[in-house]
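Survey of secondary and tertiary structure
Chain by chain, the residues:
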Amino acid sequence: MEITTTPSLDGRRVREYLGIVTGEAIMGANVFRDFVAGIRDLVGGRSKAYENSLRSAREDALREMSLEAASRGADAVVGVDLDYEVLGAGNGMLMVTASGTAVSLE
């Protein structure tokens, strides 16, 4: 499955638009990870724990979107948009949403 943020794929023609597809991933924050991230914020540096959680959530959302596109017979998803939100009590959860248009290619 080809996935792109652009509205088309170079050298490939869209045969059929199969509709909007989405994928969502919601990750709960871990108390220990939050504590370590807070210490890193105090002393500087990057929070690998949060970066890994964000990467994992993004990959999950894209995978879910791809599965929905494949179930419709798509070869690709174009115009993909990724959205990141924090939610829940005390912003304790991270939501990543991927959406795009499933297409079949010639």
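Structure: see above.
First, a word on scope: everything that follows refers to the structure included in this document. These figures come from a predicted structure and were not determined experimentally.

Thresholds applied
- Sequence positions are assigned chain by chain, starting from 1 and proceeding in written order.
- Whole-chain, interface and lining totals are the exception, using all residues; otherwise, since this is a predicted model, local features are given only for residues with pLDDT of at least 70 and side-chain atom pairs are given and counted only at 80 or more.
- No hydrogens and no water enter the side-chain calculation; it runs on all heavy atoms of the structure.
- To qualify as a helix, a DSSP run of H or I must reach at least 4 residues; to qualify as a strand, a run of E must reach at least 2; elements of each kind are numbered from the N terminus.
- Think of it in three bands: residues with accessible area under 20% of the maximum for their type are buried, residues over 50% are exposed, and the middle band is partly exposed, with areas taken using a 1.4 Å probe on protein chains only.
- Using a 1.4 Å probe, the Shrake-Rupley method yields the accessible areas, and only the shown protein chains count as cover for residues.
- Note on definitions: salt bridges are taken to be side-chain nitrogens of Lys or Arg within 4 Å of carboxyl oxygens of Asp or Glu.

1. Concerning the overall build of the protein
When its secondary structure is counted, the protein shows 2 helices and 4 strands. Sequence-ordered secondary structure for the protein, helices as α and strands as β, is β-β-α-α-β-β. The 106 residues of the protein split such that 26% are buried. Here the protein displays about 6,600 Å² of accessible surface, and carbon together with sulfur accounts for 54% of that area.

2. With respect to the pattern of salt bridges
A full pass over the atoms with the stated rule returns 4 salt bridges. Between glutamate 106 and arginine 13 there is a salt bridge, with the nearest N and O atoms lying 3.9 Å from each other. Residue glutamate 106 is found in the segment after β4 (93-105), and its partner arginine 13 is found in the loop between β1 (2-3) and β2 (14-28); the two are separated by 93 residues along the sequence. Like arginine 13, glutamate 106 is exposed. In this structure, the salt-bridge partner of arginine 72 is glutamate 68, at a minimum N-O distance of 2.8 Å. Classification of arginine 72 as partly exposed rests on a relative accessible area of 35%.

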